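Each chain, letter by letter, is given below.
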Amino acid sequence: GAVVSQHPSWVICKSGTSVKIECRSLDFQATTMFWYRQFPKQSLMLMATSNEGSKATYEQGVEKDKFLINHASLTLSTLTVTSAHPEDSSFYICSARKGGTSTDTQYFGPGTRLTVL
Amino acid sequence: GENVEQHPSTLSVQEGDSAVIKCTYSDSASNYFPWYKQELGKRPQLIIDIRSNVGEKKDQRIAVTLNKTAKHFSLHITETQPEDSAVYFCAASRKAAGNKLTFGGGTRVLVKP
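This one's a predicted model, so the numbers in the text were calculated from it and none came from an experiment. (Residues numbered from 1 in each chain as written. Chains lettered and ligands numbered in written order. Predicted model: local features only at pLDDT ≥ 70, side-chain atom pairs only at ≥ 80, totals over all residues. Heavy atoms only, no water.)

**Looking at the interface of chain B and chain A**
Thinking step 1. At the interface, 20 residues of chain B touch 23 residues of chain A.
Thinking step 2. Across the chain B/chain A interface, buried area totals approximately 1,700 Å², and carbon plus sulfur atoms make up 50% of it.
Thinking step 3. Considering only the surface of chain B that becomes buried against chain A, Arg43(B), Asn99(B) and Lys100(B) emerge as the three largest contributors, covering 31% of it.
Thinking step 4. Between the two partners, chain B and chain A, sit one salt bridge. (Contact = heavy atoms within 4.5 Å. Buried area = accessible area lost by both parts, 1.4 Å probe. Salt bridge = Lys/Arg side-chain N within 4 Å of Asp/Glu carboxyl O.)

**Focus on the state of the cysteines**
All names here are of chain A.
Thinking step 1. Tallied over the entire structure, the rule returns two disulfides over all chains.
Thinking step 2. For Cys23, the disulfide goes to Cys94, at an S-S distance of 2.0 Å. Because the sign of the S-S torsion sets the handedness, a value of about 80° for the bond joining Cys23 and Cys94 places this disulfide among the right-handed ones. With a gap of 71 residues between them, Cys23 in strand 3 (residues 19-25) and Cys94 in strand 9 (residues 90-97) connect regions that are remote in the sequence. (Disulfide = S-S within 2.5 Å. Helix = DSSP H or I, 4+ residues; strand = E, 2+ residues; numbered from the N terminus.)

**Some details on a nonpolar patch on the surface**
Thinking step 1. Together, Trp10(A), Ile12(A) and Leu117(A) make up an exposed nonpolar region whose accessible area comes to about 390 Å².
Thinking step 2. Look at Trp10(A) and you get exposed, because its relative accessible area is 58%. (Patch = residues over 30% accessible without salt bridge, like charges linked within 9 Å, V, L, I, M, F, W, Y side chains within 5 Å. Areas by Shrake-Rupley, 256 points an atom, 1.4 Å probe, with all protein chains shown as cover. Buried < 20%, exposed > 50% of the residue type's maximum accessible area, 1.4 Å probe, protein only.)

**Some thoughts on unusual backbone geometry**
Across the chain, the bulk of peptide bonds are trans and the bulk of non-glycine residues have phi less than zero.
Thinking step 1. The omega torsion of the bond from His7(A) to Pro8(A) falls at 0°, within 30 degrees of zero and hence cis.
Thinking step 2. Relative to the helices and strands, Pro8(A) is located in the loop between strand 1 (4-7) and strand 2 (10-13).
Thinking step 3. Looking along the chain, the bond that leaves His7(B) and enters Pro8(B) is cis, with omega of -5°.
Thinking step 4. Assignment of secondary structure puts Pro8(B) in the loop between strand 1 (4-7) and strand 2 (10-14).
Thinking step 5. Residue Glu79(B) is not a glycine yet carries a positive backbone phi of 45°.
Thinking step 6. Structurally, Glu79(B) can be placed in the loop between strand 8 (72-77) and strand 9 (86-92).

**Quick word on the layout of surface pockets**
Thinking step 1. Of the pockets and cavities examined, the largest pocket occupies roughly 640 Å³.
Thinking step 2. Lining the largest pocket are 29 residues, with Met45(A), Leu46(A), Glu59(A), Leu101(B) and Thr102(B) sitting closest to its centre.
Thinking step 3. Secondary-structure elements contributing two or more residues to the lining of the largest pocket are strand 5 (44-51) of chain A together with strand 10 (102-103) of chain B.
Thinking step 4. It is strand 5 of chain A that provides the largest number of residues to the lining of the largest pocket, a total of four residues.
Thinking step 5. Within the lining of the largest pocket, the residues separate by chemical class into 11 nonpolar, 10 polar and eight charged.
Thinking step 6. Space inside the second largest pocket adds up to approximately 440 Å³.
Thinking step 7. In terms of lining, the second largest pocket is formed by 20 residues, of which the most central are Lys41(A), Gln42(A), Leu40(B), Val87(B) and Arg108(B). (1 Å grid on protein atoms, 1.4 Å probe; cavity = no way out; pocket = protein on both sides within 12 Å on 5 of 7 lines; lining within 4 Å. Points joined across faces, edges and corners; volume = space filled by probe spheres on them. Nonpolar A, V, L, I, M, F, W, Y, C, P; charged D, E, K, R; others polar.)

**What about the sheet that holds strand 7 (residues 67-73) of chain A?**
All names here are of chain A.
Thinking step 1. Pairing in this open sheet of four strands is antiparallel, and the strands run 1-3-8-7 from one edge to the other. The open sheet has two free edges, formed respectively by strand 1 and strand 7, since each of these has just one partner strand. Between one strand axis and the next, the sheet turns through 15° on average, direction left out of account.
Thinking step 2. Examined bridge by bridge, strand 7 and strand 8 (residues 76-81) share five bridges and lie antiparallel to one another. Its bridge partner being in strand 8, Asn70 is matched across the sheet by Thr78. (Pairing = 2+ DSSP bridges. Axes fitted to C-alpha atoms, helices over the stretch in contact; angles between N-to-C directions.)

**What to know about the sheet that holds strand 6 (residues 56-59) of chain B**
Residues and elements named next belong to chain B.
Thinking step 1. Strand order in this open sheet of five strands is 1-3-8-7-6, and the pairing throughout is antiparallel. The sheet is open, and its two borders are formed by strand 1 and strand 6, each paired with just one other strand. Adjacent strand axes in the sheet meet at a mean angle of 15° when their direction is disregarded.

**Structural notes on the pairing of strand 9 of chain B**
All names here are of chain B.
Thinking step 1. With seven of seven residues buried, strand 9 is to be regarded as a mostly interior element.
Thinking step 2. Alternating residues of strand 9 divide into Ala86, Tyr88, Cys90 and Ala92 and Val87, Phe89 and Ala91, and every residue in both groups is buried.
Thinking step 3. With four bridges joining them, strand 4 (residues 32-38) and strand 9 adopt antiparallel strand pairing. Each residue of the ladder has a partner; that of Trp35, found in strand 9, is Cys90.

**Points about the side chain of Thr80(A)**
Residue and element names in this part refer to chain A.
Thinking step 1. Mapped onto the fold, Thr80 is located in strand 8.
Thinking step 2. Judged by relative accessible area, which is 15%, Thr80 ranks as buried.
Thinking step 3. When residues no more than four places from it in sequence are discounted, the contact partners of Thr80 are Ser18, Val19, Lys20, Lys66, Phe67 and Leu68.

Just geometry here; none of it tells us what the structure is for.
What follows is the structure in C-alpha cells.
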C-alpha cells in the first residue's frame with residue numbers, strides 16, 4: 001500500500017493566526033514530501049519540496065517565512081501557515097514519494113481546506 | 001522549467017464512448033508522466049503512469065501513449081461510465097529535478113448516462 005494522511009481535513013481560523021497541517025505516510029517511509037495548493041477549479045501548484053532532515057526547497061514566489069515546512073521524520077512533514085490572511089484560503093495537499101524501484105511515484109494526501117476569516 | 005499544457009479543458013461524452021485527453025510538455029529531459037483523477041474535494045488518485053522508455057501502457061479501460069519526439073502524451077479511456085466523471089490531470093517530472101511534478105491545467109470530464 002501507499003497511504004498518505006493529512007490532518008486536519010479542514011480548518012477555519014481568524015486572520016493573523018497560524019495554522020499547522022500535518023502530512024503522514026502511514027505504511028511507507030518517505031524521504032521526500034511535496035506541498036501543493038489548489039484554488040477552486042484550478043490545477044495543483046507546487047509550493048515546496050520537503051526533505052527529511054534538511055531544509056525545504058521552495059518554489060519561486062512562495063514565501064518561506066510564511067509557509068514553514070518541517071520534515072522531522074521519514075513519515076511526517078508539517079506545513080505551518082503563519083499570520084494567515086484571507087488570501088491564504090485554499091486547499092492544501094501534500095504528497096509523498098515512495099522509495100524503491102518506482103522512486104518517482106507520488107501519492108497524495110486527502111487535502112486540508114483552509115478558510116481564513 | 002517544465003511547462004505542461006493539457007487539452008481539452010472540458011470534455012463531455014456519452015456513456016460507452018471513448019474519451020481522449022492530450023498533454024504536451026516542454027522539457028525533453030522529463031522522463032515520468034503520471035495521470036491523476038480527482039473527484040470534487042478529494043485527493044488526486046494515480047490512475048496510470050508511463051516512463052520515457054515505454055511508448056504505450058494499458059490498464060483495463062485506460063491507456064496512455066507517449067511520443068517523446070513530439071513531446072506529447074495522451075490518456076485514453078474506453079467504454080466510459082458515469083463514475084469516470086471527474087477532473088483528470090496529467091503531469092511530468094524528471095529525476096534530476098528532484099522528481100517534482102509539473103501539472104497540466106486539468107480536464108473536467110462529464111460522462112452522460
